[in-house]
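# Descriptive analysis of the structure
Here is what each chain is made of, one letter per residue.
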Amino acid sequence: MKSLFLSLLISTSVLAQVNRFSITLSGNYTTSAKVYLYPNASDPGIRNSSFIIEDIFNAGAEVKYSLTSDLLLGFNVEYISKTQKENNLTVISNGNTETIPVDDGFEVIPIELSLYYKLAFSTTMFRFYIFGGSGFYYGNHIRKFGDASISNIKRKFAYGIHVGILTEYLLLSNLSINGGMKFRDPQFTVTNRYNNKEVNFEGRTVFIPQDEFDSKINIEGILFFLSVSYHFDL
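Residues numbered from 1 in each chain as written. Predicted model: local features only at pLDDT ≥ 70, side-chain atom pairs only at ≥ 80, totals over all residues. Heavy atoms only, no water.

## Observations regarding the overall build of the protein
The test is simple: Counting from the N terminus, the helices are DSSP H or I runs at least four residues long and the strands are E runs at least two residues long. Between the two quantities, the radius of gyration covers C-alpha atoms and the globule rule is 2.2 Å times the number of residues to the power 0.38. The contact criterion used throughout is that any non-hydrogen atoms of two residues lie within 4.5 Å. All accessible-area figures derive from a Shrake-Rupley calculation using a 1.4 Å probe, and residue coverage is judged against the displayed protein chains alone. For the purpose of counting charges, residues Lys and Arg are taken to be positive, whereas Asp and Glu are taken to be negative. His and the chain ends are not included. Every charge is mapped to an atom, namely NZ of Lys, CZ of Arg, CG of Asp or CD of Glu.
Summing up its helical and strand segments, the protein has two helices and 13 strands in all. Relative to a compact globule of 234 residues, whose C-alpha radius of gyration would be 17 Å, the protein shows 23 Å and is clearly more extended. In terms of its C-alpha atoms, the protein occupies a principal-axis envelope of roughly 85 × 35 × 30 Å. At a minimum sequence separation of 6, the contacts of the protein that also span at least 24 residues come to 69%. Carbon and sulfur atoms provide 60% of the accessible area of the protein, an area that totals close to 12500 Å². The distance from the centre of the 20 positive side-chain charges to the centre of the 22 negative ones in the protein is 6 Å.

## Thoughts on the side chain of Ser93
What counts here: When a residue's accessible area, from a 1.4 Å probe over protein chains only, is under 20% of the maximum for its type it is buried; when over 50% it is exposed; and in between it is partly exposed.
Within the element layout of this structure, Ser93 appears in strand S3 (residues 71-93). Given a relative accessible area of 6%, Ser93 falls into the buried group. Apart from the residues lying within four places of it in its own chain, the contact partners of Ser93 are Glu98, Arg204, Thr205 and Val206.

## A word on the environment of Ala61
By the element assignment, Ala61 lies in strand S2 (residues 51-66). Residue class for Ala61 comes out partly exposed when judged on its relative accessible area of 34%. Look past the residues within four positions of Ala61 in its chain and what remains in contact with it is Thr24, Leu25, Phe75, Asn76 and Val77.

## Let's talk about unusual backbone geometry
At Asp55, a residue that is not glycine, the phi angle is positive and equals roughly 55 degrees. Residue placement: Asp55 occurs in strand S2. On the basis of relative accessible area, Asp55 is assigned to the partly exposed category, the value being 38%. Positive phi is not limited to glycine here, since Glu202 has a value of about 55 degrees.

## Looking at the pattern of salt bridges
For the record, the criterion: By definition, a salt bridge exists where a carboxyl oxygen of Asp or Glu is found within 4 Å of a side-chain nitrogen of Lys or Arg.
Applying the stated criterion to the full structure yields 13 salt bridges. In this structure, Lys34 and Glu220 form a salt bridge, with 3.9 Å as the shortest nitrogen-oxygen distance. In this pair, Lys34 sits in strand S1 (residues 21-36) while Glu220 sits in the loop between strand S12 (212-218) and strand S13 (222-232), placing the two residues 186 residues apart along the sequence. Lys34 gets classed as partly exposed once you look at its relative accessible area, which sits at 22%. For Glu220, a relative accessible area of 32% corresponds to the partly exposed category. The salt bridge partner of Glu98 is Arg204, with a shortest N-O separation of 2.8 Å. Of this pair, Glu98 sits in strand S4 (residues 96-118) while Arg204 is found in strand S11 (residues 204-207), placing the two residues 106 residues apart along the sequence. Residue Glu98 is classed as partly exposed on the basis of its relative accessible area, which comes to 27%.

## Things to note about the nonpolar core
For clarity, the threshold we go by: We define a nonpolar core as any set of buried Ala, Val, Leu, Ile, Met, Phe, Trp, Tyr and Cys residues linked to one another through side-chain atoms lying within 4.5 Å.
Core analysis: the biggest nonpolar cluster contains 15 residues, and Val35, Phe106, Val108 and Ile217 have the highest contact counts within it. Counting residues per element, this core draws most heavily on S2, at three residues. Leaving out residues up to four positions away in the same chain, Val108 has contacts with Glu78, Tyr79, Ile80, Tyr137, Tyr138, Gly139, Phe188 and Ile219.

Nothing here speaks to function; it is all geometry.
Okay, structure coming up:
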């Protein structure tokens, strides 16, 4: 019985080593992000003012390749989007100015390259990694209210670095479940234009005094993830 158990472990190890590629689908949770509505203001107090968006859930996918028995190279893509209602916009209605609630938020596509290092205390079934890398972040400001629409006219792309930890449990020779956390701090700035300055809002017409607005988005929270990976070889 003991020899059979050892044979199974060795077989699993050999099969796992043959699978140099893996595809991972993940569910992610980011604790918070900040949206700065006046990033170019001369007053530091106004320039640094922001509102916080919390509890951000998103999905992602990653392809990994085993460079050696201890090193993996990963290419990860995600899509993140969230808005919340905030009293962020001043409009003119019936000759008077007022602040109205709008759905304000962002969307961003992170594209990241990571290098994973397997720690020495990993076992056949449990693997522990530390990882780090760099990323490119393509994003937009989202603002919705009434029948208004906006278009992006200028965007500064964001680049950043990240570090994290990963735990992998091998269910089968080609299937594993994973969990971990990632630390990153990307931010990007955008300029948007209102496509229509007269907007039907809650059954009345309001006028938007400005044509364009700037904003800066900072995804500063910690990311936690759970994922499943399929391992294979070509």
